[in-house]
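Letter by letter, the chains look like this.
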Amino acid sequence: MVSLWQIFLVFAKIGSFTIGGGYAMIPLIRDELVKRGWISEEELPDIIALAQSAPGVLAVNMSIFAGYKMRGFKGSVAATLGSSLPSFLIILLIAMLFTGYQDNPIVVRIFKGIRPVVVSLILVPMINMARKGNKTWWAWVISAATLFMVAFMNFSPIYILLTIIVVAFCVTMIKERRQGNG
Amino acid sequence: MVDPLVFAQLFWVFFIIGLFTFGGGYAMLSLIQTQVVTAHSWLTESAFTDIVAISQMTPGPVGINCATYVGYEVVRSSGAGHLIAILGSFTATLAVVLPSFIIVLTIVRFYTKFQHNRIFEGVMSWLRPAVVGLIGAAAIILMFSVDWVGTKPGVSVVEENFTDWISWVLFAAATVASLVFKVGPIPIILAGGALGLLIY
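So, how was this worked out
Residues numbered from 1 in each chain as written. Chains lettered and ligands numbered in written order. Predicted model: local features only at pLDDT ≥ 70, side-chain atom pairs only at ≥ 80, totals over all residues. Heavy atoms only, no water. Contact = heavy atoms within 4.5 Å. Buried area = accessible area lost by both parts, 1.4 Å probe. Salt bridge = Lys/Arg side-chain N within 4 Å of Asp/Glu carboxyl O. Polar contact = N/O pair within 3.5 Å; in protein donor to acceptor, adjacent residues only side chain to side chain. Helix = DSSP H or I, 4+ residues; strand = E, 2+ residues; numbered from the N terminus. Pairing = 2+ DSSP bridges. Domains from an automatic or database assignment. Nonpolar A, V, L, I, M, F, W, Y, C, P; charged D, E, K, R; others polar. Expected span 1.5 Å × (residues − 1). Buried < 20%, exposed > 50% of the residue type's maximum accessible area, 1.4 Å probe, protein only. Patch = residues over 30% accessible without salt bridge, like charges linked within 9 Å, V, L, I, M, F, W, Y side chains within 5 Å. Areas by Shrake-Rupley, 256 points an atom, 1.4 Å probe, with all protein chains shown as cover.

S.K.: How do you make sense of the interface of chain A and chain B when you look at a structure like this?
M.R.: How large an interface is tends to be reported as the accessible area lost when its parts come together. Listed by partner, the interface residues are 98 residues for chain A and 90 residues for chain B. Regarding the contact of chain A and chain B, the summed buried area is about 9000 Å², with carbon and sulfur atoms giving 79% of it. Of all residues in chain A, the largest losses of buried area upon contact with chain B belong to P55(A), I91(A) and R115(A), amounting jointly to 7% of the total for that side. The partner of D46(A) in a salt bridge is R128(B), with the nearest N and O atoms 2.4 Å apart. Linking chain A with chain B are 18 residue pairs in polar contact (both at pLDDT 80 or more). In terms of residue count, helix α5 (residues 105-133) of chain A provides more of the side of chain A that touches chain B than any other element does, 24 residues in total. Bridging between strand β1 (residues 19-20) of chain A and strand β1 (residues 60-61) of chain B involves two bridges; their strand directions are parallel. Residue pairing across strands places G20(A) opposite P61(B), the latter belonging to β1(B).

Okay, structure coming up:
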């Protein structure tokens, strides 16, 4: 069994390299957790989907979810502490000691290089997930429609997810009924 | 002496923010701004803008970074010392995480129980491709902003992330490294930072 200390350390590593929003965490979770066999490849999209359906910081939600899958409640606490502690300490250090951090020329140059690279790190797991997960034409329609509505029409992801949950639930129920009767 | 009420208010405000933010850290920023700058006047607009910039330019989830920093600044600006201000950081960060804990733990228990249920599986088979679309959208939003109704409708590059053509070369190189050569995300981020330092 994975120890809580190991969970904490791996999530501290993930948290230290999550730069930007929670989506930047996805390639790290894949690389650290799926490759170690702590969570399965199939569970990853489920974790993201359900973490996104709850309020709060996406990265924290994914940590709670993944931590729970590994070691229950204690695992979710260890994972959340791990993914937030590096940020917490770094921010405190900056707040106390480095005024003008955001204008420091070295920091600015480093982040000029990191930002475009992070975009690609978000894009690549999406390509991998689509190739492995989208097995029907219907799945591709859902992916394309979601992408279009969020990226180009400013829809909030939560409304799309809630609508899909309700519609998918009704469709699945009707299918089950029909099969039950036939 | 700091009014202990400040901590209670910080806790309450960030708890509400954690409870009502949907869509991750960036959606959270505007909510924090409304509460911290407009409603409570704890920080000025320009102080908050600096905090947002710093939250994006430090490792870690943006929402956590911002809560930590705001908690610190709010207590510090009320005249407290560093140690008391750290308590402000802790209060804000804990408060913003707490609603997630309650809600996500409920969802994950439900998930482990119904993972192999046919109806649940049916719903998930619709949600998974939606997540693919959401991630794609997140990447596109970091690259381009689309304007349908403004004075000059059209697509423009997000200059914050893509400052010049070198950014696109770095982006392409990272994509090839990750997709074709299976290089892990951490070496790619480190290389991006090092190249940024060398080139710019």
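S.K.: Please explain the domain arrangement of chain A as it appears in this structure.
M.R.: Residues and elements named next belong to chain A. When cut into domains, chain A gives domain 1 (4-133) and domain 2 (135-182). Counting residues at the interface gives seven residues for domain 1, matched by seven residues for domain 2. Approximately 510 Å² of surface area, both sides summed, lies buried where domain 1 meets domain 2, with 65% of it carried by carbon and sulfur atoms. Run the count over domain 1 and domain 2 and you get zero salt bridges. The interface formed by domain 1 and domain 2 includes one residue pair in polar contact (both at pLDDT 80 or more). Elements that contribute at least two residues to the side of domain 1 that touches domain 2 include exactly α3 (43-53) and α5. In terms of residues, the side of domain 1 that touches domain 2 owes the most to one element, α5, which gives four residues. The residue inventory of the side of domain 1 that touches domain 2, partitioned by class, reads three nonpolar, three polar and one charged.

S.K.: Which parts of the structure should I look at to understand the pairing of strand β3 (residues 154-157) of chain B?
M.R.: Here is the key point about a regular strand: its side chains alternate between the two faces of the sheet. Residue and element names in this part refer to chain B. Where strand β2 (residues 144-147) lies against β3, four bridges are found, and the strand directions are antiparallel. What sits directly across from S145, in β3, is S156. Counting the residues between successive antiparallel strands, the hairpin from β2 to β3 contains six residues.

S.K.: Please clarify how helix α1 (residues 4-16) of chain A should be interpreted in this entry.
M.R.: Each turn of an α-helix holds 3.6 residues, which means side chains three or four residues apart point in the same direction. The end-to-end C-alpha distance of α1(A) is 18 Å, a good match for the 18 Å that 13 residues give at a rise of 1.5 Å each. Taken together, the buried positions of α1(A) are I7(A), F8(A), V10(A), F11(A), A12(A), I14(A) and G15(A).

S.K.: Sorry, what's going on with the domain arrangement of chain B here?
M.R.: What the domain assignment reports for chain B is domain 1 (4-107), domain 2 (116-159) and domain 3 (163-199). One C-alpha centre belongs to domain 2 of chain B, the other to domain 3 of chain B, and the line joining them spans 23 Å.

S.K.: Help me understand the side chain of S87(A), please; the structure alone is not making it clear to me.
M.R.: Looking at the secondary structure, you find S87(A) in helix α4 (residues 58-97). Setting aside residues up to four positions removed in sequence, S87(A) forms contacts with P59(B), G60(B), P61(B), I64(B) and N65(B).

S.K.: Would you take a moment to explain a nonpolar patch on the surface for this structure?
M.R.: On the surface, F148(A), M153(A), F155(A), W148(B) and V149(B) cluster together to form a nonpolar patch covering roughly 560 Å² of accessible area. By secondary structure assignment, the location of F148(A) is in helix α6 (residues 137-153).

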